[in-house]
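# A structural walkthrough
Okay, here's what each chain looks like letter by letter:
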There are 6 protein chains.
Amino acid sequence: MTGGLTHLNAKGEAHIVDIGDKAVTQRRAVAQARINALPATVTAIMGGALKKGDALAVARVAGIMAAKKTSDLIPLCHPIPLTKVSVDIEADGETTILIHATAQTTGQTGVEMEALVAASATALTLYDMAKAIDRAMTITDICVLEKSGGKSGDFTRPSLSEK
Amino acid sequence: MTGGLTHLNAKGEAHIVDIGDKAVTQRRAVAQARINALPATVTAIMGGALKKGDALAVARVAGIMAAKKTSDLIPLCHPIPLTKVSVDIEADGETTILIHATAQTTGQTGVEMEALVAASATALTLYDMAKAIDRAMTITDICVLEKSGGKSGDFTRPSLSEK
Amino acid sequence: MTGGLTHLNAKGEAHIVDIGDKAVTQRRAVAQARINALPATVTAIMGGALKKGDALAVARVAGIMAAKKTSDLIPLCHPIPLTKVSVDIEADGETTILIHATAQTTGQTGVEMEALVAASATALTLYDMAKAIDRAMTITDICVLEKSGGKSGDFTRPSLSEK
Amino acid sequence: MTGGLTHLNAKGEAHIVDIGDKAVTQRRAVAQARINALPATVTAIMGGALKKGDALAVARVAGIMAAKKTSDLIPLCHPIPLTKVSVDIEADGETTILIHATAQTTGQTGVEMEALVAASATALTLYDMAKAIDRAMTITDICVLEKSGGKSGDFTRPSLSEK
Amino acid sequence: MTGGLTHLNAKGEAHIVDIGDKAVTQRRAVAQARINALPATVTAIMGGALKKGDALAVARVAGIMAAKKTSDLIPLCHPIPLTKVSVDIEADGETTILIHATAQTTGQTGVEMEALVAASATALTLYDMAKAIDRAMTITDICVLEKSGGKSGDFTRPSLSEK
Amino acid sequence: MTGGLTHLNAKGEAHIVDIGDKAVTQRRAVAQARINALPATVTAIMGGALKKGDALAVARVAGIMAAKKTSDLIPLCHPIPLTKVSVDIEADGETTILIHATAQTTGQTGVEMEALVAASATALTLYDMAKAIDRAMTITDICVLEKSGGKSGDFTRPSLSEK
């Protein structure tokens, strides 16, 4: 590894690391993303009291399908047979949309990247649908909230557990 | 359109909007993403004075390739024949990595989404390579900085021009 | 060509035919697919009076995204920059769901296959979501209803115009 | 689940359902599709007594490759490592082509969708190759004929076993 | 550019070069690949006098479909709307199979990579089908034979024109 | 099988062969490719004493990502969850670049095709980056060097072990 980066060998060259000897366990990760937008944009997307229209479903599907493309997007990710993917979208105040994505597998490596890709793609799809009315939206706070399974142990993001 | 969202028709149903009558012009967009990480992580990725190893190149390629997959990731995006894609990665202080992605086309619709997807995929790929040493990294401030070409006119993000 | 099949050369070998000299025109095609199912299945999918849930949006998105993958699925199809894709889903009596898919491009070849792929993928996605409650569903009557643009002239399916 | 649809949660939101606790068993599905066409079209595709040309091989390959893309086409399908795929194409009278597709896996979920996607893509590919000589072809009777493996038990389509 | 490599900028960073100002012209490239194999392998693939079986059609389709994936495989290639792709496979003596692939587009950049990818994928697919009977096959002499269209002028491989 | 080709059934029709009853073992393959080029091209790619620039990293990533797409490129390949992929690139004299690709899996079928696809895509990517300065490059000697795991036993290419 180079500079502590496990995906680079001693010469600094990228590779997909060998996981052939790791245990097959149930693995799960939850990631989030947040969109900061105008109040009118949040209302347009979330649908107010009526919740009509396909906006949320389209974004959810985009996140789910993106999770399945993770190893095609992130060069050094192993291909993983996901056993579950879900995406939740909710308003978090008047100017924020909060996205949670959960990925699970029974395999030899973790699914943080799959959860992060799902959350990011969901956010980008909402951005795409709303960009004509709000070009200055920002996608923020993409991070892993929880992770379980595997040798490196369980992880819960500190700032989260304190809330 | 529903609630101002152009990607939904009057019944709230998602579709890829008709751009067949829009003008073919040169279009360009620049997007950014930011990674907040531990100082040691920023050093491991950016390589300090030595800049050795593939980390930045891998992330750059991931961003560039992701830009070409935009219409496969974002459900209502038109497929676009990109004429240029580039990605820049630099340290921005001790705990931040700043990514800029530029996309261009000669076509009937803009390339904000391609630039945003490139910036996001670059950030996620850096996250993947460094996650073994810093699980609490956050990807933030994904937004469009500039956009030109097309009927809706040029756009420069206000907070940017004030800097 | 072999046996009248334009996609095979004189020796019977498959190729992607040369369209480099064809005119660039606006091209449009509408295709349909039909699902025969139990009345309870049609109600579960179409949502009765309430139309709640993501089922229709998921199927619509699947059809739209599949249209963009047509040249990746159908070996001898040219890659086409689609300018519009839409999918409509409606109940047609108690035991039938009717799907219409529309594709458009400004290019050198038609978009029948894109419309057919969208209609088929929409139907298959509805099948997937409902198969746990109705394994005996059948997808039928996949055909092109209308086609316009290009040298071969406009086409409206006879049985349709007679209805 | 919503309205009996397992792919929607209690709020009607789409997700990829958790199969992490399902048994790993050998699973198999057979699906069919049928093309109704002019007699001359059936002859052109099936090749009469001579069976020359690539038409059937191209369609077979398209079906096989599409089966491997099922989880990329059908939003809520799990990615599945297929252990076998085959496609058979035969004339069924003067105006019909009959397609059977078989998919197998050793895994935690069934392969009906893979078999259905293979049969559909085979039919669509034959349509593509013959559309210049017969625009009014129809693809019909896409359904699952048999299914085995998994908790829900074996299934043979009633109308089939009666024939 | 770095060291004469146009795909790297002055800092040595990879990018997709800007072709937005290049002329739209008809562009064509022909590439070859060669497989060296045991005589029995060449006979098994080429079919001898009978030419039965799908082997050549499968390899041809693989080459054609791979050409359409070129910009997804080669990181710095522009996505190109191909207007024609064809692949020819013939025996060249008792121990060699010779593959020619032709790609065409009307666009702003050349199609050498598309032709090379088609020829390579055709060869790899033949290898896959024959590897159980001949593990020591070698794929050689992959190169561009001809190229036309675009500012850099026409090119015919010298060694070829001398033959 | 037809003419000894396992991927064709008795009628000569292509299929993905059934591996459902094969043992799950650790499988590994090493493949090579070689690029013959002008001395200046080898220097531009390999970077001389300085090894600066992204060229090698881009090619390495292209090979690694292509390995993950093998079952999408080679029609009759099974999809395989790779557990490791690496690519090495070195100069071999003044006019040759030598590429080694290693692929590993724990599964029911071998990974020769994944290693061969990785080596080929690495070579094609180097070709793409250098083609503006050396159009007459040739990619040669693509072959499997070693293979282990599975019923057919280990294999080391004879010409290699003699060196």
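Data block above holds the structure.
Summarised in this report is the structure supplied together with it.

Scoring rules and cut-offs
- Residues numbered from 1 in each chain as written.
- Chains lettered and ligands numbered in written order.
- Predicted model: local features only at pLDDT ≥ 70, side-chain atom pairs only at ≥ 80, totals over all residues.
- Heavy atoms only, no water.
- Helix = DSSP H or I, 4+ residues; strand = E, 2+ residues; numbered from the N terminus.
- Areas by Shrake-Rupley, 256 points an atom, 1.4 Å probe, with all protein chains shown as cover.
- Lys, Arg positive; Asp, Glu negative; His and termini not counted.
- Charge placed at Lys NZ, Arg CZ, Asp CG, Glu CD.
- Axes fitted to C-alpha atoms, helices over the stretch in contact; angles between N-to-C directions.
- Left-handed = near helix turned anticlockwise from the far one by under 90°.
- Contact = heavy atoms within 4.5 Å.
- Nonpolar A, V, L, I, M, F, W, Y, C, P; charged D, E, K, R; others polar.
- Least-squares fit on C-alpha atoms with pLDDT ≥ 70 in both.
- Parallel < 35°, antiparallel > 145°, perpendicular 65-115°, else oblique.
- Buried area = accessible area lost by both parts, 1.4 Å probe.
- Salt bridge = Lys/Arg side-chain N within 4 Å of Asp/Glu carboxyl O.
- Polar contact = N/O pair within 3.5 Å; in protein donor to acceptor, adjacent residues only side chain to side chain.
- Buried < 20%, exposed > 50% of the residue type's maximum accessible area, 1.4 Å probe, protein only.

Across its full length, chain A carries 5 helices and 5 strands. Ordered by position in the sequence, the α and β elements of chain A form the string β-α-α-α-β-β-α-β-β-α. With the principal axes as the frame, chain A shows a C-alpha extent of 50 × 30 × 30 Å. Carbon and sulfur atoms form 52% of the exposed surface of chain A, whose accessible area is close to 5600 Å². Here chain A contributes 17 positive and 17 negative side-chain charges, whose respective centroids are spaced 2 Å apart.

Residues and elements named next belong to chain F. Contact geometry for helix H2 (residues 55-68) and helix H4 (residues 112-130): axes closest at 7 Å, N-to-C directions at 145°. The element H2 and its partner H4 pack so that their crossing is right-handed. On the side of H2, the interface is formed by Ala-55, Leu-56, Val-58, Ala-59, Ala-62, Gly-63, Ala-66 and Ala-67, while H4 contributes Glu-114, Val-117, Ala-118, Ala-121, Thr-122, Thr-125, Leu-126 and Met-129. Among the residues making up the contact of H2 with H4, the classes are represented as 12 nonpolar, 3 polar and 1 charged.

Right, let's get into the relation of the copies chain E and chain D. Take chain E, turn it by 180°, move it 0.0 Å along the axis, and it overlays chain D with an RMSD of 0.0 Å. One copy is carried onto the other by what is essentially a two-fold rotation axis. The C-alpha atom lying nearest the rotation axis in chain E is that of Ala-57 of chain E; the distance is 3.0 Å. An overlap of 100% is found between the interface residues of chain E and their copies at the interface of chain D, pointing to a shared contact surface.

Relative to each other, helix H4 (residues 112-130) of chain C and helix H4 (residues 112-130) of chain D sit at 165°, their axes nearing to 11 Å. As the angle between them shows, H4 of chain C and H4 of chain D are arranged roughly antiparallel. Crossing of H4 of chain C over H4 of chain D shows right-handed handedness. In this structure, H4 of chain C uses Met-113, Leu-116, Val-117, Ser-120, Leu-124, Tyr-127 and Asp-128 of chain C to contact H4 of chain D, whose residues at the interface are Met-113, Leu-116, Val-117, Ser-120, Leu-124, Tyr-127 and Asp-128 of chain D. Looking at side-chain class alone, the contact of H4 of chain C with H4 of chain D contains 10 nonpolar, 2 polar and 2 charged residues.

Least-squares fitting of chain A to chain B yields an RMSD of 0.0 Å, with the superposition described by an axial translation of 0.0 Å and a rotation of 180°. A share of 100% of interface residues in chain A that are also interface residues in chain B marks the association as one of identical surfaces.

Structurally, Gln-32 of chain D can be placed in strand S1 (residues 25-36). Setting aside residues up to four positions removed in sequence, Gln-32 of chain D forms contacts with Leu-98, Ile-99, His-100, Ala-119, Asp-141, Ile-142, Cys-143 and Leu-145 of chain D.

Attention now goes to the interface of chain E and chain D. Where the parts come together, the accessible area they lose is often given as the size of the interface. With 7 residues of chain E at the contact, the number on the chain D side is 7 residues. Carbon and sulfur atoms make up 64% of the surface buried where chain E meets chain D, a total of about 590 Å² over both sides. Counting the surface chain E buries against chain D, the share from its top three residues, Asp-54, Val-61 and Met-65 of chain E, is 56%. Between the two partners, chain E and chain D, sit 2 salt bridges. Across the pair Arg-60 of chain D and Asp-54 of chain E runs a salt bridge whose closest N-O atoms are separated by 2.8 Å. Counting across the interface, chain E meets chain D through 2 residue pairs in polar contact (both at pLDDT 80 or more).

The subject of this paragraph is the environment of Asp-21 of chain A. Assignment of secondary structure puts Asp-21 of chain A in the segment before strand S1 (25-36). Judged by its relative accessible area of 70%, Asp-21 of chain A falls in the exposed class. The residues touching Asp-21 of chain A, leaving out its near neighbours within four places in the chain, are Gln-108 of chain A together with Gln-26 of chain F.

Let's shift gears to the arrangement of the chains. At no point do chain B and chain D touch; the closest pair of C-alpha atoms across them sits 10 Å apart. Spatially, chain C and chain F are disjoint, and the shortest separation between their C-alpha atoms is 10 Å.

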